[in-house]
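Examination of the molecular architecture
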Amino acid sequence: MKKRTLSVKTLAVIILFTVQHTRAQKKTPQLGKASVEEVITAMTPEEKASLLIGPGMPGYAGLTPLEGEPDVRVLGAAGGTMAIPRLGIPETVLADGPAGLRIQPKRKNDSNTYYATAFPVGTALASSWNTELIKEVGKSMGEEVKEYGVDVLLAPAVNIHRNPLNGRNFEYYSEDPLVAGKIASAYIQGIQQNDVGTSIKHFAANNQETNRLSVNAHISERAMREIYLRGFEIAIKESKPWTIMSAYNKINGQYASSNNDLLTTILRKEWGYKGFVMTDWFGGYPGFESILKEGVTSDVAAQINSGNDLLMPGMEAQKKALIDAINSGKVDINAVNTSLRRILNYVLISPSFKNYKYSNKPDLKAHAAVTRNAATEGMVLLKNKNSILPYKNTENTIAVFGDTSYNFIAGGTGSGDVNKAYTVSLIEGLTNAGFKIDQDIEAAYVPFVNDVVAKEMKRREEHGGLLAVPQRLPEMPLDPAMIAQKAKTDAVAIITIGRNSGENEDRHIDNDFYLGQDEIKMINTVSEAFHAEGKKVIVILNIGGVIETFSWKDKVDAILLAWQPGQEGGNSVADVITGKANPSGKLTMTFPVDYHNHASAANWLGVPAENPKDVYYKEGIYVGYRYFNTFDINTSYEFGYGDSYTSFEYSDLKLSATDFNGEIEVSLKVTNTGKVAGKEIAQIYVSAPKGSIDKPTEELKAFKKTQKLEPGKSETLKFNLKAKDLASFIDTQSAWVVEKGTYKIIAAASSKDIKLSKDLKVSNDIVAEKVNNTFNLENNLDELKK
Ligand code: BGC
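Residues numbered from 1 in each chain as written. Predicted model: local features only at pLDDT ≥ 70, side-chain atom pairs only at ≥ 80, totals over all residues. Heavy atoms only, no water.

Here's the deal with the overall build of the protein
Note the threshold: Counting from the N terminus, the helices are the DSSP runs of H or I reaching at least four residues and the strands are the DSSP runs of E reaching at least two. Radius of gyration means the value over C-alpha atoms here, while the globule rule gives 2.2 Å times the residue count to the 0.38 power. Contacts are assigned to residue pairs with any non-hydrogen atoms lying within 4.5 Å of each other. Areas reported as accessible are Shrake-Rupley estimates using a 1.4 Å probe. Residue values count occlusion only from the protein chains shown. Positive charges come from Lys and Arg, negative ones from Asp and Glu, while His and the chain ends are left out of the count. We put the charge of a Lys on NZ, of an Arg on CZ, of an Asp on CG and of a Glu on CD.
The helix and strand inventory of the protein stands at 22 helices and 30 strands. Relative to its length of 786 residues, the protein is compact, with a C-alpha radius of gyration of 28 Å against a globular reference of 28 Å. Sequence-distant contacts in the protein: of pairs separated by 6 or more residues, those separated by 24 or more amount to 79%. Accessible surface for the protein amounts to roughly 30100 Å². Of this, 51% is attributable to carbon and sulfur atoms. Between the averaged position of the 90 positive side-chain charges in the protein and that of its 93 negative side-chain charges there is a distance of 6 Å.

Things to note about the packing of aromatic side chains
Using the following cut-off: Between rings of Phe, Tyr and Trp, where Trp is taken as its six-membered ring, a pair exists when centres lie within 6.5 Å; planes separated by under 30 degrees are stacked, by over 60 edge-to-face, and by other angles tilted. The buried label goes to any residue with under 20% of its type's maximum accessible area, the exposed label to any with over 50%, and the partly exposed label to all in between, with areas taken from a 1.4 Å probe on protein chains only.
This model, assessed by the stated rule, comprises 24 aromatic pairs. With a centroid separation of 6.1 Å and an interplanar angle of 55°, the aromatic rings of Tyr-114 and Tyr-148 are classed as tilted. You can see Tyr-114 sitting in the loop between strand S4 (110-113) and helix H4 (122-126) and its partner Tyr-148 sitting in the loop between helix H5 (131-147) and strand S5 (152-153), a full 34 residues away along the chain. Summarising the burial analysis for this pair, Tyr-114 and Tyr-148 share the class buried.

Describing the domain arrangement of the protein
Our working rule: Delimitation of the domains relies on an automatic or database domain assignment. Buried area counts how much accessible surface, traced with a 1.4 Å probe, disappears from two parts once they are put together, with both parts' losses summed. Counted as salt bridges are all cases of a side-chain nitrogen of Lys or Arg within 4 Å of a carboxyl oxygen of Asp or Glu.
Split by domain assignment, the protein resolves into domain 1 (8-349), domain 2 (364-590) and domain 3 (647-770). Each of domain 2 and domain 3 has a C-alpha centre, and these two points are 36 Å apart. Opposite the five residues of domain 2 that make contact, domain 3 presents 10 residues. Both faces combined, the contact of domain 2 with domain 3 buries some 540 Å², and carbon together with sulfur accounts for 35% of it. Taken together, domain 2 and domain 3 are joined by three salt bridges. Its salt-bridge partner being Glu-377, residue Lys-705 comes within 2.7 Å of it at the nearest N-O pair.

Describing the environment of Ala-601
For Ala-601, the position within the fold is in the loop between strand S18 (591-592) and strand S19 (614-616). On the basis of relative accessibility, which here comes to 16%, the residue Ala-601 falls in the buried class. Along the primary structure Ala-601 and Pro-164 are separated by 437 residues, whereas in three dimensions their C-alpha atoms are 9.1 Å apart. Beyond its immediate sequence surroundings of up to four residues, Ala-601 is in contact with Asn-163, Tyr-595 and His-596.

Examining the sheet that holds strand S8 (residues 243-246)
Stated precisely, the cut-off is as follows: The rule for pairing is simple: two strands pair if DSSP sees at least two bridges between them. Only the stretch in contact is used when fitting a helix axis, every axis being a line fitted to C-alpha atoms; angles between N-to-C directions are given from 0 to 180 degrees.
Taken in spatial order, the six strands make up an open sheet running S1-S2-S5-S6-S8-S11, and their pairing is mixed. Among the strands making up the open sheet, the edge pair consists of strand S1 (79-81) and strand S11 (276-278). Sheet topology note: the S8/S11 ladder contains three bridges and is parallel. Pairing of Thr-243 across the sheet is with Phe-276, part of S11. Against the sheet, helix H8 (residues 230-239) makes contact with strand S6 (197-203) and S8, and its axis sits at roughly 165° relative to S6, the strand it touches most. Where helix H9 (residues 260-270) meets the sheet, its contacts fall on S6, S8 and S11, and the angle it forms with S11 comes to roughly 155°.

Points about the sheet that holds strand S26 (residues 728-730)
Strands sit in the order S26-S27-S30 across an open sheet of three strands; the sheet is antiparallel. Since the sheet does not close on itself, it has two edges, and those belong to S26 and strand S30 (766-770), each with one partner. If you compare each strand with its neighbour and ignore which way they point, the axes differ by 35° on average. Direction of pairing for strand S27 (residues 735-738) relative to S30: antiparallel, over a ladder of four bridges. Within S30, the residue paired with Val-737 across the bridge is Val-767. Relative to S26, helix H7 (residues 221-228) is tilted by about 160°, and along the sheet it contacts S26 and S27.

What to know about unusual backbone geometry
Here Phe-203 and Ala-204 are connected by a cis peptide whose omega angle stands at 5°. As for its placement among the helices and strands, Ala-204 is situated in the loop between S6 and strand S7 (216-218). Its identity as a non-glycine residue notwithstanding, Asn-504 has a phi of 90°, on the positive side. Within the secondary structure, Asn-504 is located in the loop between strand S15 (492-498) and helix H18 (509-513). Its identity is not glycine, yet Asp-782 carries a phi of approximately 55°, on the positive side.

What to know about the side chain of Glu-548
What counts is decided by this rule: N or O atoms closer than or at 3.5 Å make up a polar contact, with two conditions inside protein: a donor-capable atom paired with an acceptor-capable one, and, for residues adjacent in sequence, both atoms drawn from side chains.
Mapping Glu-548 onto the fold places it in the loop between strand S16 (536-542) and strand S17 (558-561). One buried charge, Glu-548, has no salt-bridge partner; the nearest side chain with opposite charge is Lys-553, at 8.3 Å. Only 2.9 Å separates the side chain of Glu-548 from the backbone nitrogen of Phe-550, close enough to count as a polar contact. Among all residues touching Glu-548, those that are not within four sequence positions of it are Phe-513, Tyr-514, Leu-515 and Val-593.

Quick word on the packing of H5 against helix H6 (residues 177-192)
The test is simple: Orientation is classified from the angle alone, with under 35 degrees giving roughly parallel, over 145 giving roughly antiparallel, 65 to 115 giving roughly perpendicular, and any other angle giving oblique. Handedness of a crossing follows from how the near helix is turned relative to the far one, being left-handed for an anticlockwise turn of less than a right angle and right-handed for a clockwise one. In this classification, the charged set is Asp, Glu, Lys and Arg, the nonpolar set is Ala, Val, Leu, Ile, Met, Phe, Trp, Tyr, Cys and Pro, and all remaining amino acids, among them Gly, are polar.
In contact at an axis separation of 6 Å, H5 and H6 are set at 40° when each is read in the N-to-C sense. One element, H5, and the other, H6, form an angle in the oblique class. As H5 packs across H6, the resulting crossing turns out to be right-handed. Of the residues in H6, those in contact with Thr-131, Ile-134, Lys-135, Gly-138, Lys-139, Met-141 and Gly-142 of H5 are Lys-182, Ile-183, Ala-186, Tyr-187, Gln-189, Gly-190 and Ile-191. Of the residues that constitute the contact of H5 with H6, the class distribution is six nonpolar, five polar and three charged.

As for the confidence of the model for the protein
Selection rule: One confidence number per residue, pLDDT, is output by the predictor and ranges from 0 to 100.
In the predicted model, the protein carries a mean pLDDT of 95, and 95% of its residues have values of at least 70. In this model, residues 59-64 is a region of pLDDT below 50 whose contacts with residues beyond four sequence positions or in other chains number 17 contacts.

A closer look at the packing of H5 against helix H13 (residues 364-378)
Two numbers describe how H5 lies on H13: the axes approach to 10 Å, and their chain directions differ by 150°. When the interaxial angle is binned, H5 and H13 end up roughly antiparallel. Handedness of the H5/H13 crossing: left-handed. Packed against H5, whose contacting residues are Leu-133, Glu-136, Val-137, Ser-140, Glu-143 and Glu-144, the element H13 presents Leu-364, His-367, Val-370, Asn-373, Ala-374 and Glu-377 at the interface. Partitioning the contact of H5 with H13 into residue classes produces five nonpolar, three polar and four charged.

Description of helix H19 (residues 517-532)
Rules: To estimate the expected span of a helix, subtract one from its residue number and multiply by 1.5 Å.
Across its 16 residues, H19 extends 22 Å between first and last C-alpha, which sits within 8% of the 22 Å expected from 1.5 Å per residue. Three or more residues of H19 are buried, namely Glu-519, Met-522, Ile-523, Thr-525, Val-526, Ser-527, Ala-529 and Phe-530. Buried residues in H19 make contact with strand S13 (397-401), helix H16 (439-462), helix H17 (480-489), S15 and S16. Gly-534, located one to two residues past H19, shows a positive phi value of around 70°.

Written out as structure tokens, the structure reads:
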């Protein structure tokens, strides 16, 4: 009897428990059904930590999952956010990078391929100065992101070219923040049209690769706001990227990823940014070697407290540290919840949450046409003596020199690389365009290039595999007698000079910025032989960043800066050579006479020289043309320069008022005065009067590219300038101020080629924007002044 009573009770308890459990389960808020606040309230500290710390390494930077690890959804993606199935939160996927989606093209036991399109690199895209074109490129890239099941592309990369030797300048856009900001803005808009996200990076002042995880950049608030933040500010305000990637480096003693001034005061309070911030991969760790050390983590609490919402790629030690910090109160629980809110709001709009049925079949054929065209628009015609280009002779053979002609470089290495199905070499491009290539020269180059490429690949494998930094291929020695013979029979010579670089290492002065002896020899031998026969020499620069051109440019007849133009490279170059496309790119950075002419060269990389810990930005705002023009230093090719197969005339510069009252419209007529159709990039510079602080002689404030103008046709371009565009940042006032005086509004074809100008009067100082006092220096910088 007793036994029976007990079992009824037990049964009752079981029933009650089951009912309660089912109710509780029903009550567990589900993302999308319940509010974000209810979901956050329901989260345990462990769950909170698992959403703020990324899921870890498998799939990182293209590595296949380790033996025994499960396959990731998108192989080769750089990371993601964790799923919490209990709360209806799916995982999301983040993948590189700036020149197109970077994922693994092949998967185990799967005969399908997952190639993505390699678009032109950042410098090439920016050199088009064509925001509509960049939107189109972004739209195509974004389609690949979406159709391969990725939620966020880890791009664009918009750090300023402080110095030509930065190993990642190819991913970045310009030495000028307006160009960087406008190009980034168009790129983000293009990608996000597809309802996938972007992550503008690396926020901020990640201007060198040497000791990138730990170097402390000492920068004045003015240089930060006018130069290093301004591009981000323009792009973030205009295009609202879903996410931002904080930089590795420190700024004035504080890691970017735990920098409250940067991530909260400026980004959120001043700029009103609503998305989430993730660290760069292992950001906040003092060095790659520290990552797997027992007991070492980034300062997780400081990162979350300062507004860095997600720590990537995410380490177990970081998760444990965050759980401890939540339990002990070391991390502000409001900051934790704010970060969760931002991430959950992102998850809600992600394709993964919407269960988007991606096809794994983006339209690669259509995108190949997009990249082929985009690359031609970014090419810069540096020299064209006696209009040797366009070159249309398909009857006689062309002598093609330089290893890179046969092994064309589509893009840089590291996370900025793309796993593309093919790269069209220059030889292939020229052949496709109907040119006849000298077969003897080709027959000599092909085995040589195959051999040096194989050696270089082996070297890279032994030096870090995918993360190894590329080295330039040695040029094939040329026999002067043979070349002299070839100059008699071939109609013209083409020489390609190639450079490649990537993250983790900066470029070098010798045999990199400056040409190597083998390259100089090649240029000398070929140009002497061909010029002796009255034949011309064309140089193609297949490079990602600036090289020296001053010492050898007079030896050749034409120089086409093709950049690293993406997978259709050879076809794109051929389109420009034949005149199918009229080159319309202009430089977004200075090509100096000498490397040491750059103001930043004096303190590049920092001190101590053998292992830099501190880098002092003593040049302040004098970066690029702001320095060269103000200090009157001759350049090889100046910022904003680029030739064309046609010519343009500037006229009718008009200002909507002669006195400035906070806003003004500038208009300008551009006419094609040459013989072929073409596009012109008109640049508006402002020259400020002498005020209470140093001002560069001129600063770019607006630009526009015309439509394709037929000969004789004109277009009127309109620009709008607001107070902030004319203002400088005055540190002592914590404000952007337009100081009174007479300003010059300049219409120019480059930073040195001024076409027209008009005066604009500012009668009283105008405070364009009052901001917070940020980025206090640890010690006096002794910044460069006029
Ligand atoms: C790079 C980032 C990249 C990340 C993920 C880092 O090494 O600095 O630009 O997005 O890796 O691959």
